[in-house]
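Results of the structural survey
The chain contents come next:
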Protein chains: 2
Amino acid sequence: MDYSLLVATYRRSVSADRLPQQRVLYECLRAAILDGTLAVHGRLPATRTLADELGMARNSVLYAYERLADEGWVLATRHGTVVAPAAAPSVQRGPELETPSAVLSRRVRNLRRKRERNAEHQAFVSGVPALDRVPLAQWRGFIERAWRAVSPADLGYGNSAGHPALRQAVADYLRIARGVRCSFEQVFITDGTQTSLDLCARLFADAGEYAWVENPGYNGARAAFQSAGLNLVPVPVDADGCAPPATLWRDKPPKLVYVTPSHQYPLGSVLSLERRLQLIDDATAASAWIIEDDYDSEFRREGPPLPAVQGLARAALRIGYMVVPPALTAPVDDALGELARRGRLVDQVALAEFIESGAYALHLRRMRRLYAQRCDALRDALDRHTRGLLTVSGGAGGMHLSARLDVPVRDVEVAEAALAQRLVVQPISGYDMMPEAAGFNGFVLGYAGVPVEHMDERVAVLARVIEAAARGKAD
Amino acid sequence: MDYSLLVATYRRSVSADRLPQQRVLYECLRAAILDGTLAVHGRLPATRTLADELGMARNSVLYAYERLADEGWVLATRHGTVVAPAAAPSVQRGPELETPSAVLSRRVRNLRRKRERNAEHQAFVSGVPALDRVPLAQWRGFIERAWRAVSPADLGYGNSAGHPALRQAVADYLRIARGVRCSFEQVFITDGTQTSLDLCARLFADAGEYAWVENPGYNGARAAFQSAGLNLVPVPVDADGCAPPATLWRDKPPKLVYVTPSHQYPLGSVLSLERRLQLIDDATAASAWIIEDDYDSEFRREGPPLPAVQGLARAALRIGYMVVPPALTAPVDDALGELARRGRLVDQVALAEFIESGAYALHLRRMRRLYAQRCDALRDALDRHTRGLLTVSGGAGGMHLSARLDVPVRDVEVAEAALAQRLVVQPISGYDMMPEAAGFNGFVLGYAGVPVEHMDERVAVLARVIEAAARGKAD
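It should be emphasised that the depicted structure is a prediction, and the values quoted were computed from it without experimental measurement.

What follows is about the overall build of chain A. Looking only at helices and strands, chain A features 18 helices and 13 strands. The proportion of buried residues among the 475 residues of chain A is 57%. A sequence separation of at least 24 residues applies to 72% of the contacts in chain A between residues at least 6 apart. Roughly 19500 Å² of accessible area belongs to chain A as shown, and the carbon and sulfur atoms make up 51% of that amount.

This part takes up unusual backbone geometry. For the bond running from tyrosine 265 of chain A to proline 266 of chain A, omega is 10°, close enough to zero to count as cis. Looking at the element boundaries, proline 266 of chain A is found in the loop between β7 (254–259) and α12 (273–286). Each neighbour pair has its own omega, and for asparagine 215 of chain B with proline 216 of chain B the value is 0°, a cis peptide bond. Looking at the secondary structure, you find proline 216 of chain B in the loop between β4 (210–215) and α10 (219–227).

The next point concerns the sheet that holds strand β6 (residues 241–242) of chain A. All names here are of chain A. Pairing in this open sheet of 5 strands is mixed, and the strands run β6-β5-β4-β7-β8 from one edge to the other. Two strands close off the open sheet at either side, each with one partner strand: β6 and β8 (289–292). Note that β7 and β8 share 4 bridges and pair parallel. Across the sheet, leucine 256 pairs through a bridge with tryptophan 289, a residue of β8.

What follows covers the packing of helix α9 (residues 193–204) of chain A against helix α10 (residues 219–227) of chain A. All names here are of chain A. Remark: α9 packs on α10, axes separated minimally by 8 Å, with the N-to-C direction vectors making an angle of 35°. Like other packed secondary-structure pairs, α9 and α10 cross with a definite hand, here right-handed. Contacts between α9 and α10 involve Gln194, Leu197, Asp198 and Ala201 from the former and Gly220, Ala221, Ala223, Ala224 and Phe225 from the latter. Across the contact of α9 with α10, the residue classes tally to 6 nonpolar, 2 polar and 1 charged.

Turning our attention to the pairing of strand β9 (residues 320–323) of chain B. Residues and elements named next belong to chain B. Burial along β9 is one-sided: the face carrying Gly320 and Met322 is buried and the face carrying Tyr321 and Val323 is not. Direction of pairing for strand β3 (residues 187–190) relative to β9: antiparallel, over a ladder of 4 bridges. Paired with isoleucine 189 across the strands is tyrosine 321, a residue of β9.

As enumerated under the stated definition, the model contains 25 salt bridges over all chains in all. Between arginine 106 of chain A and aspartate 206 of chain B there is a salt bridge, with its nearest N and O atoms 3.6 Å apart. Of the two residues, arginine 106 of chain A is situated in helix α6 (residues 106–109) and aspartate 206 of chain B in the loop between α9 (193–204) and β4; the pairing between them involves two chains. Given the relative accessible area of 52%, arginine 106 of chain A is considered exposed. In this structure aspartate 206 of chain B comes out as buried when scored by relative accessible area, which is 6%. Its salt-bridge partner being arginine 148 of chain A, residue glutamate 144 of chain B comes within 3.6 Å of it at the nearest N-O pair. Placement of the pair is glutamate 144 of chain B in helix α7 (residues 136–148) and arginine 148 of chain A in helix α7 (residues 136–148), with the two residues belonging to separate chains. Glutamate 144 of chain B sits in the buried class, given a relative accessible area of 13%. Linked by salt bridges that have partners in common, Glu144 and Arg148 of chain A together with Glu144 and Arg148 of chain B make up one network.

Residues and elements named next belong to chain B. Read from one edge of the open sheet, 4 strands run β10-β11-β13-β12, paired in antiparallel fashion. With partners counted over all chains shown, the strands left at the sheet margins are β10 (390–393) and β12 (426–427), one partner each. Bridging between β12 and strand β13 (residues 442–446) involves 2 bridges; their strand directions are antiparallel. Paired with proline 427 across the strands is phenylalanine 443, a residue of β13. Along the sheet, helix α17 (residues 411–419) contacts β11 (400–405), β12 and β13; its crossing angle with β13, the most-contacted strand, is approximately 45°.

Another aspect to go through is the environment of leucine 232 of chain B. Residues and elements named next belong to chain B. Its place among the elements puts leucine 232 in strand β5 (residues 231–238). Here the alpha-carbon distance between leucine 232 and glutamate 209, two residues 23 residues apart in the chain, equals 8.5 Å. Excluding anything up to four places from it in sequence, leucine 232 contacts Ala211, Val213, Arg222, Phe225, Gln226 and Met433.

Here a ring pair, both rings aromatic, is described through the centre-centre distance and the interplanar angle of the planes. A complete count under the given rule lists 18 aromatic pairs over all chains for this structure. Arranged with centres 5.2 Å apart and planes meeting at 90°, the rings of phenylalanine 142 of chain A and phenylalanine 354 of chain A form a pair that is edge-to-face. In this pair, phenylalanine 142 of chain A sits in helix α7 while phenylalanine 354 of chain A sits in helix α15 (residues 345–356), placing the two residues 212 residues apart along the sequence. Classification of phenylalanine 142 of chain A by relative accessible area gives buried; the value is 9%. Here phenylalanine 225 of chain B and tyrosine 258 of chain B contribute two aromatic rings whose centre-to-centre distance is 6.0 Å and whose plane-to-plane angle is 75°, an arrangement assigned as edge-to-face. One end of the pair, phenylalanine 225 of chain B, is in helix α10; the other, tyrosine 258 of chain B, is in strand β7 (residues 254–259), with 33 residues separating them in the sequence. Considered together, phenylalanine 225 of chain B and tyrosine 258 of chain B belong to a single accessibility category, that of buried residues. Above the face of the phenylalanine 188 of chain A ring, arginine 167 of chain A is positioned so that its terminal group lies 5.2 Å from the ring centre.

To continue, consider helix α15 (residues 345–356) of chain B. Residue and element names in this part refer to chain B. When the terminal C-alpha atoms of α15 are compared, their 16 Å separation across 12 residues agrees well with the 16 Å that a helix rising 1.5 Å per residue should span. Looking only at α15, the buried set comprises Leu345, Val346, Asp347, Gln348, Ala350, Leu351, Ala352, Phe354 and Ile355. Residue glycine 358 follows α15 closely and has a positive phi angle near 90°.

Residues and elements named next belong to chain B. It is the contact of α7 with α15, at a shortest axis distance of 8 Å, that shows an interaxial angle of 125°. As far as their axial angle goes, α15 and α7 are oblique. Remark: the crossing between α7 and α15 carries right-handed chirality. Across from Gln138, Trp139, Phe142, Ile143, Ala146 and Trp147 in α7, the residues of α15 making contact are Val346, Asp347, Val349, Ala350, Leu351, Glu353 and Phe354. Tallied by class, residues from the contact of α7 with α15 come to 10 nonpolar, 1 polar and 2 charged.

This paragraph deals with the environment of leucine 419 of chain A. By the element assignment, leucine 419 of chain A lies in helix α17 (residues 411–419). Along the sequence, leucine 419 of chain A and glycine 241 of chain A sit 178 residues apart, while their C-alpha atoms lie 31 Å from each other.

Another point: the confidence of the model for chain A. Residue and element names in this part refer to chain A. The predicted model of chain A averages 80 in pLDDT, with 83% of residues at 70 or higher. A low-confidence stretch, residues 90–96 stays under pLDDT 50, and its non-local contacts, those more than four residues away or across chains, total 9 contacts. The low-confidence segment residues 295–316, where pLDDT is below 50, has 84 contacts with residues more than four positions distant or belonging to other chains. On the interface metric, ipTM, the complex scores 0.72, and its pTM is 0.75.

About the criteria used
- Residues numbered from 1 in each chain as written.
- Chains lettered and ligands numbered in written order.
- Predicted model: local features only at pLDDT ≥ 70, side-chain atom pairs only at ≥ 80, totals over all residues.
- Heavy atoms only, no water.
- Helix = DSSP H or I, 4+ residues; strand = E, 2+ residues; numbered from the N terminus.
- Buried < 20%, exposed > 50% of the residue type's maximum accessible area, 1.4 Å probe, protein only.
- Contact = heavy atoms within 4.5 Å.
- Areas by Shrake-Rupley, 256 points an atom, 1.4 Å probe, with all protein chains shown as cover.
- Pairing = 2+ DSSP bridges.
- Axes fitted to C-alpha atoms, helices over the stretch in contact; angles between N-to-C directions.
- Left-handed = near helix turned anticlockwise from the far one by under 90°.
- Nonpolar A, V, L, I, M, F, W, Y, C, P; charged D, E, K, R; others polar.
- Salt bridge = Lys/Arg side-chain N within 4 Å of Asp/Glu carboxyl O.
- Phe/Tyr/Trp six-rings, centres within 6.5 Å; stacked < 30°, edge-to-face > 60°.
- Lys NZ or Arg CZ within 6 Å of the ring centre and 35° of its normal.
- Expected span 1.5 Å × (residues − 1).
- Parallel < 35°, antiparallel > 145°, perpendicular 65-115°, else oblique.
- pLDDT = per-residue confidence, 0-100.

What follows is the structure in structure tokens.
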């Protein structure tokens, strides 16, 4: 056989790859077998011949041949080394892929949405805390101390429910800061809110069952429930929070009801006490689980609330938690042993210490003050620049304000135009659970990452973008 | 009204809780409203009276009342502060929970299995690396450097696919150590194998579709697929790896085929080249996805393989990865943006540095040598002590040997008895995807965490436990 092609490929690869010669030769031969250049039953060159040809030690060639034989690509026969029949490239190995839009499962196909990359610091990104105010040096100290105190036992999977010290610290924190009464056994440490929602969906509901979500609502919850195979039911939201019509309980009885009672996401309304109690009664009657996201009513009076996990912990650390009713702690613990491999106990130890030392509470107080200032600055700037363009709704807490567009232009068009001015404004229509209805038109404006002194200028730019878009429509 | 009960509760709570007085009073009043002690329309004591009674400042009482009013529990009327009608405890709030066995979804109900806690260091725990050999001091150095170099941008969510540096380091590693050719865009960083499997199940299959799993097989895969609502189909495994009967492709056409070709879990057989190619052809014809777990054939000749993520990275760091075909990188990237909030970029930076510096490869080489010694020691000890009791199968790599029980006693009984001797032996029947068939009887014996000098004694104890259990049966 003519193996000049092989020799040429080898020479090109060995200079490009900086891998050991024997390794490059092995890969060239395997590639030649796979693409049919070396046909089934075809004989490989004698090792001495090939070694001379390539200017390498015979042992290196032997190594490559042995490895090919060992893996089944070639056979050693009386006539020398031949390509094994099993290695035949007679069919194209691997499927011809369909167009990308069709390759994913149906349940995740409509989850995709356009994301702006590297935009986490611009005005008015929402859902990202003031990253420049994270007490980095202090946190580094906790991390370093935790790694220094580590024992081999801390490197294993540990308890799938989380490190006991962190569970206790979270339980104490919830009790004091949030009025949630729970024992540490009810607290399960997760990798964040998204993981908590994923687990709840699979732990408490089967495929095909109804999951109620607020409309408009949090896309992360939609993703979790939909990808768990649940049937989503959008529930309308008004100024008093989510308001399921009485008939819905009968027509589409939920297995899960997802609510953001303290600060509806994205509209910002607060679920009234009357509705809360009614919801509990109705869910009880329907044997449905209520998944309460972000219980932050304690902060309401004193300024914008800062959700515990969503502050420092959520992006940088990826540590979240969920609190389950006492009767569920044992079965959830068992199921999590199979569904989630934990670990990362060192980070958990550091966070527990951070909370217990009081550093976390101090950070929260500082951030609450900072976010209150930034929220006020945003409100004032909106007042000055966007009269007649936007109406602010909600805003009792959190890290964003919601605003309705009062001019006849679509929020997605404004958002697109704003990007060119380095402004990220999230269209509220993007949180619509029934996009075809086109019922929502406005923006979520995050202020957590925008310094007070930049606010006025940024809002003025936004106002000009909206005006220009509206003019464009009118033309 | 008689509020002596309230006063008594307050006094008890305030001394026990060490919370601010006003806060304790607020909680006592709220509890009294919730349990009906303070009935709807009932009037709360005048603030001055209550302050005198409790020996606290009137302002503190006012604070508690205002907060109750603010949250909707009480109303300020001309006749004083009264309990709001909406706060009526007329029905029991919250469901009477069913028995724990019935509260979880059907799909996770049978995932629960008994787990031994805090047993990660004992012989013969499987799936846990040699934790005491983790180069802790060195790793701590990488972590500290990464935290010192951190910028606020690194604290955000970043790219949901993972930090580019780590994606590139993994792609390079796979290419050099595993013979997997992939670009860094195909590498997606996850929180570990379980997360990768969870994502694959939801990204590529819909509820009700068939997912093939090896039998016996990896429980983590079963948990991922079942909790995604897929229909599990057990596929038989023999000495050449998994062997699906031809009729199965027709009768239960899979959407996903999960295989552990390099080292079948738990039996340890290696999928032959012929079967590999056949599998690819059949899966292509069926438009099924192959999910290949743990591609470690490169290590086979040189001693036990050490899976990349399953070595240092998996428990301590919770960083894993998955490699997808080129045509899928864009749609998977999009979907992950919704399904998984990432972050933890600092750890990823540290790991990328750890790999690129060569420290990881060095660690792998050391562990490969260590595990080879421990594997040999286990084989020798089994030879000496368990003739006629156990037959070792597989063992071409990994961190465990599998052994079949040759005496008429059930593996679960032996495992139970072994625990009393501080021996953890995982019954192979626990990996049976059709437990009712009771086809497998034996153990997975992990050696990664057992020092060579302890091996003989530990195996001798195991032999005695098996003999005693068999005798107990014969009696």
